[in-house]
Amino acid sequence: MQRTRALVLAVSSALLLGAAQAQKTTITVGVFPDLDSVIKAAIPGFNKLYPNVEVKISSLAYADHHNALTTALSTGKGAGDVVAIDFGFVAKFAEGNGMTDLNKAPFNAGQFKSRFVGYTFPQATTQDGRMVGMPTDVGPGSMFYRTDLLAKAKVTPAQLNASWESYIANGKKVVTANPGVFLIPDASEAAQIILRTGLKSGEGMYFDKSNKVLVSPTNARFVRAFTVAKQIRDAKLDARAGAAFSPEWTTAFQKGNLATEFSGAWLVGHMQNWLAKDYAGKWGAQNLPGNSFASYGGSFWGIPTQSQNKDAAWNFIKYLTTNPAQQVLAFKTTGAFPALKAAQNDPIFNQGVEYLGNQKTRLLWRSAAAKIQPIDVNRLDPVAEQIVNDALSEVLNGTKDIPTALAQAQQLVERRAR
Amino acid sequence: MTATPSIPQQVSSGWDKFQRRYAPYIFISPFFLLFFAFSLFPILFNAYLSVHNWQPGSGLGDMKFVGLRNFSDNLTDPTFWQSLRNTAILAVESGVPQHLIALPLAFAIHMGLKRVQSLVTAVYFLPYITSVVAISVVFFTLFSWQYGALNAGLNALHNLPLIGGLFPAEKINWLGEVQYVQPAIAMVVVWRYVGWNVLLYLAGLQAIPSDIYEAASIDGATRAQQFRFITLPLLRPTIFLAVTLTLIGGFQLFEEPFVLTNGSGGTGQQGLTTIMYMFRTYNSYSDAGVAAAMSWLLFAVIGILSLINNRIFGRSGLAGKD
């Protein structure tokens, strides 16, 4: 009897063991560089907590990753269990039901809201309250400036960023004192910042809560944005380089022909690695002009609806985003600014940034991140953005005046918003 | 005894029958399988898509039937009409020079450069097989406003003593001024496709028997007369083919304007072609139905223009009657 019992015990424990081994789940993470190095760095720590989850990385180039994700979501097959979504694509993937709503049970992401930088949760939340991704890094906007070029014109950074008027007036001095140098890559950048600041609560960039189109020749925010950009263009202060990372933009940086640039904190990584290698120690950072605070990108982790391992995926996302040690590790790995507030209190934030002449810019960015206002996302934002940018380009080019361009843009957006 | 050998015979005759009946189908099936999977199915799916409202991110189940709304949406969209206008202008600006250069060039190569003919043709053909990314780098270094070779060259000419006044003092923003965007794009297209047309025309020229030319020269016809009265008429089928291909290619222009304007369509959207706008509608606006409808509208435009082209250059057309 005793022997049989022991045998039964042995057999059943063997079965249990076998079952436990079978429970080992594999999750795939769809990601793009540099964010893939964050995952690589995170796996050992994650596996200490969750030894039964194996993490596989599927990394594609930035654009390819988002294209592949679109295809996978449209056909319902082939997406990873955890996918990275850059901010520029949130609106796109927020449509339809391709992504799991993290606000719902069992995820209840809402409980973590207060732990993150304020504007990140609204960024990832759709009009109807679904949340498509957990924020992992943020891009607090900053004015980068060449200390040597400013010194030559006897202009201080504080004079440049006091207000937009002061930026233009003192920018003229900088350009005059440094022939061949431009104040800024493209005049439209100023408009983009102004469009993102001074929003009324509940407003998106182009639409309000009730889907009403805000683009109009009577909307002070749009008129002001277009006016300031036009003044910069007319004063011949910009290199007319178009969007960031265009060939003209890159060349201007590499040749050292730019006195200032507005961008996210992440730009420093690009500058020191390839964009402006030769100018280490000559760049500094301050807040954006006119007391504006804007965000430049940011990354999110989401779970496609088609995933079969949502629990394991969610555990991994929670580890990546809500674990302060991991968020600090990610910051050390790629320099992506943590979205988790607790991670921003690490001693590393008191250190200077070597490329920026050991200026303690991380403290600057931390307070800037806290001041960025949330902007509501609308599913038609990509359409409106394109139309408004086209209108702005025509104003800058002098083919249309501001009221005409804005009135036409309003019509074009309204006919899409049906 | 008699039944035993008849069995394999029967089998082999059955196999024979099977072979004879189905082997041709099996042999041509690879083409048809590929055609169905990669040509016919996408076309039919696109037609289906054009009457539905669909955001690609939300899965195939989320399509909503909307009838012809996608078509009316396009037809009332000013940007669609602008893109069509841009496409037409670019097709003319790039298409006409292509043939005006390629035809005489092919004639000259055919007549004068017998020995190095293949080498010269290969050189002209090279741009056609060059990757668009490489082309974009080359033309950026040419066209760039501040850093371009073209502006550097013009600037150098401006500083010459006597003729300097003929050249602009200020740098020209080739891809940033409304009036220069389309010519700049057209130039790249011409550069890229002249070699292809030279090749087509050379093939056509080689098909014209040389004794006709001999007879003409005995009769005292000059080179120019030979070109006008022998080459051009006999080359009409080739011209028809080349023009048709240019027409279709021109109205489907995408890569060159996309790369040169960094995907933005350029200043004042002058470089936004219909295919680019379709891509934008699908890719950035996530409006697959409207994009599908747009491709059918473009198909209609190309179809009509091809018919007109057929009337002018085709065998049954006006020109065929002389």
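Here the residue index of a chain counts from 1 through its sequence in written order. Lettering of chains starts at A and numbering of ligands starts at 1, both following the order in which they are written. Only residues with pLDDT of 70 or above have their local features reported here, since the model is predicted, and side-chain atom pairs are shown and tallied only from 80 upward, although totals for entire chains, interfaces and linings are computed over all residues. Each side-chain value is worked out from all heavy atoms of the structure, with water and hydrogens disregarded.

Attention shifts here to the overall build of chain B. Numbering of helices and strands starts at the N terminus; helices are DSSP runs of H or I of at least 4 residues and strands are runs of E of at least 2. When helices and strands are tallied, chain B shows 13 helices and two strands. Note on method: radius of gyration uses C-alpha positions; expected globular size equals 2.2 Å times residues raised to 0.38. For 322 residues, the compact-globule estimate of 2.2 N^0.38 gives 20 Å, and the C-alpha radius of gyration of chain B, at 27 Å, exceeds that figure by more than 25%. Reported as C-alpha extents along the three principal axes, the dimensions of chain B are approximately 110 × 70 × 40 Å. A burial count over chain B gives 42% of its 322 residues as buried. Using a 1.4 Å probe on the protein chains alone, a residue whose accessible area is under 20% of its type maximum counts as buried, one over 50% counts as exposed, and one in between counts as partly exposed.

This part takes up the overall build of chain A. Secondary structure summary: chain A contains 17 helices and eight strands in total. In terms of overall dimensions, chain A has a C-alpha envelope of 100 × 50 × 35 Å along the principal axes. Out of the 418 residues in chain A, the part that is buried amounts to 54%. Contact criterion: two residues are considered in contact whenever any of their non-hydrogen atoms come within 4.5 Å of each other. In chain A, once contacts between residues fewer than 6 apart in sequence are set aside, the share between residues at least 24 apart is 73%. Per element, the accessible surface of chain A, about 17,600 Å² overall, is 55% carbon and sulfur. Distance between charge centroids for chain A: 5 Å, based on 43 positive and 31 negative side chains. Using the Shrake-Rupley algorithm and a 1.4 Å probe, accessible areas are obtained, with residue cover drawn only from the displayed protein chains. This count recognises Lys and Arg as positive and Asp and Glu as negative, with His and chain-terminal groups excluded. Taken as the charge location is NZ of Lys, CZ of Arg, CG of Asp or CD of Glu.

Moving on, we come to the nonpolar core. Grouping buried Ala, Val, Leu, Ile, Met, Phe, Trp, Tyr and Cys residues that are joined through side-chain atoms within 4.5 Å yields what is termed a nonpolar core. Judged by nonpolar contacts, the single largest core of 82 residues is most densely connected at Met134(A), Trp283(A) and Trp301(A). Among the elements that make up this core, the one with the highest residue count is helix H13 (residues 310-322) of chain A (seven residues). Domain delimitation in this document rests on an assignment produced automatically or drawn from a domain database. Here this core gathers at least three residues from each of two domains, domain 1 (25-139 + 296-371) and domain 2 (141-295 + 378-416) of chain A. Within the second largest apolar cluster, 72 residues are counted, among which are Ile184(A), Tyr206(A), Val213(A) and Met294(B).

What follows deals with the packing of aromatic side chains. Between 30 and 60 degrees the pair is tilted, below 30 it is stacked and above 60 it is edge-to-face, where a pair is any two Phe, Tyr or Trp rings, Trp via its six-membered ring, whose centres lie within 6.5 Å. Per the counting criterion, the structure on display carries 44 aromatic pairs over all chains. Here Phe31(B) and Phe35(B) contribute two aromatic rings whose centre-to-centre distance is 5.8 Å and whose plane-to-plane angle is 20°, an arrangement assigned as stacked. Taken together, the residues span about one helical turn, with Phe31(B) and Phe35(B) both in helix H1 (residues 3-49) at a distance of four residues. With relative accessibility at 30%, the residue Phe35(B) sits in the partly exposed group. Members of the aromatic cluster, each reached through a chain of ring pairs, are Phe144(A), Phe331(A), Phe337(A), Phe349(A) and Trp365(A). Above the ring of Trp145(B), the side-chain terminus of Arg240(A) is found at 5.3 Å from the ring centroid. Charge-over-ring placement is defined geometrically: NZ (Lys) or CZ (Arg) within 6 Å of the ring centre, and within 35 degrees of the ring normal. Sitting over the ring of Phe229(B), Arg228(B) keeps its end group 4.9 Å from the ring centre.

Turning next to the layout of surface pockets. Within this model, the second largest pocket holds a volume of roughly 610 Å³. Mapped by element, the contributors of at least two residues to the lining of the second largest pocket are helix H3 (62-75) of chain A together with H1, helix H12 (274-283) and helix H13 (288-313) of chain B. It is H13(B) that provides the largest number of residues to the lining of the second largest pocket, a total of nine residues. Of the residues contributing to the lining of the second largest pocket, the split by class is 19 nonpolar, seven polar and no charged. Put simply, the grid is 1 Å and covers the protein atoms alone, a cavity is a trapped set of points that fit a 1.4 Å probe, a pocket is an open set with protein on both sides within 12 Å along at least five of seven lines, and lining residues have an atom within 4 Å of a point. Grid points are joined across faces, edges and corners, and a volume is the space filled by probe spheres set on the points. Classification convention: Asp, Glu, Lys, Arg as charged; Ala, Val, Leu, Ile, Met, Phe, Trp, Tyr, Cys, Pro as nonpolar; all other residues, Gly among them, as polar.

All names here are of chain A. A pair of strands is considered paired only if DSSP assigns at least 2 bridges between the two. Judged from the seven bridges that link them, strand E1 (residues 25-31) and strand E2 (residues 53-59) form a sheet pairing that is parallel. Looking across to E2, one finds that Thr-26 is bridged to Glu-54. With the strands pointing away from the viewer, any crossover whose connection runs clockwise from the first strand over the helix to the second is right-handed. Viewed along the sheet, the connection from E1 through helix H2 (residues 35-49) into E2 turns out right-handed.

With that settled, consider the packing of helix H5 (residues 132-143) of chain B against helix H6 (residues 149-158) of chain B. Residue and element names in this part refer to chain B. Lines fitted to the C-alpha atoms define the axes, with helices restricted to the stretch that makes contact. Angles between their N-to-C directions range from 0 to 180 degrees. Interaxial distance between H5 and H6 falls to 4 Å at its minimum, and their mutual angle equals 30°. Considering their axes alone, H5 and H6 lie roughly parallel with respect to each other. Judged by residue contacts, Thr-141, Leu-142 and Phe-143 of H5 engage Ala-149, Leu-150 and Asn-151 from H6. A per-class count over the contact of H5 with H6 returns four nonpolar, two polar and no charged. What sets the label is the angle itself: under 35 degrees gives roughly parallel, over 145 gives roughly antiparallel, 65 to 115 gives roughly perpendicular, and the rest give oblique.

What follows covers the pattern of salt bridges. Any Lys or Arg side-chain nitrogen located within 4 Å of an Asp or Glu carboxyl oxygen qualifies as a salt bridge. Under the criterion given, the structure shown has 18 salt bridges over all chains. Across the salt bridge formed by Asp148(A) and Arg146(A), the nearest N and O atoms sit 2.9 Å from each other. Here Arg146(A) falls in the buried class, since its relative accessible area comes to 5%. Among the ionic pairs, Glu394(A) bridges to Lys400(A), the shortest N-O distance being 2.9 Å. It is possible to trace a salt-bridge network through shared partners that takes in Arg415(A), Arg416(A), Asp77(B) and Asp287(B).

Below, the discussion takes up unusual backbone geometry. A cis amide bond links Pro33(A) with the next residue in sequence, Asp34(A), at an omega value of -10°. When you line up the elements, Asp34(A) lands in the loop between E1 and H2. The peptide bond linking Ala105(A) to Pro106(A) adopts the cis configuration, its omega dihedral lying at 0°. Take Pro106(A): it is sitting in the loop between helix H4 (90-94) and helix H5 (120-123). Phi at Asn211(A) is positive, roughly 70°, even though this residue is not glycine. One can find Asn211(A) in the loop between helix H9 (188-195) and helix H10 (220-234). Given the relative accessible area of 43%, Asn211(A) is considered partly exposed. Phi is positive for Asn262(B), close to 60°, though the residue is something other than glycine. Within the secondary structure, Asn262(B) sits in the loop between helix H11 (255-260) and H12.

So, about the domain arrangement of chain A. Residue and element names in this part refer to chain A. Under the domain assignment used here, chain A contains domain 1 (25-139 + 296-371) and domain 2 (141-295 + 378-416). For domain 1 versus domain 2, the separation of C-alpha centres amounts to 27 Å. Contacts between the two partners involve 18 residues from domain 1, matched on the other side by 30 residues from domain 2. A quick way to say it: buried area is the sum, across both parts, of accessible area lost when two parts are put together, with a 1.4 Å probe. The contact between domain 1 and domain 2 buries some 2,100 Å² in all, and 60% of this surface belongs to carbon and sulfur atoms.

It is worth spelling out the pairing of strand E7 (residues 295-302) of chain A at this point. All names here are of chain A. Within E7, seven of the eight residues are buried, which leaves the element mostly enclosed by the surrounding structure. With five bridges joining them, strand E4 (residues 134-146) and E7 adopt antiparallel strand pairing. Looking across to E7, one finds that Pro-140 is bridged to Ser-295.

In this complex, chain B contributes 38 residues to the contact, which on the side of chain A involves 36 residues. With both chains or domains summed, chain B and chain A bury close to 2,900 Å², and 46% of this area falls on carbon and sulfur atoms. Contact with chain A buries surface across chain B, with Trp145(B), Tyr147(B) and Tyr285(B) losing the most and accounting together for 23% of the total. The interface formed by chain B and chain A includes five salt bridges. A salt bridge links Arg416(A) to Asp77(B); the shortest N-O distance between them is 3.8 Å. Polar contact is defined as a pair of N or O atoms within 3.5 Å, subject to the rule that within protein one atom must be able to donate a hydrogen and the other to accept it, and that residues adjacent in sequence are counted only when both atoms are side-chain atoms. Where chain B touches chain A, the interface holds 12 residue pairs in polar contact (both at pLDDT 80 or more). Top element by residues in the side of chain B that touches chain A is H12(B). It accounts for four residues.

Here we take up the environment of Met271(A). Residues and elements named next belong to chain A. Tracing the sequence through the fold places Met-271 in helix H12 (residues 267-275). Here the alpha-carbon distance between Met-271 and Trp-283, two residues 12 residues apart in the chain, equals 9.5 Å. Those residues in contact with Met-271 that lie beyond four places of it in its chain are Phe-144, Phe-253, Ala-276, Lys-277, Trp-283 and Tyr-355.

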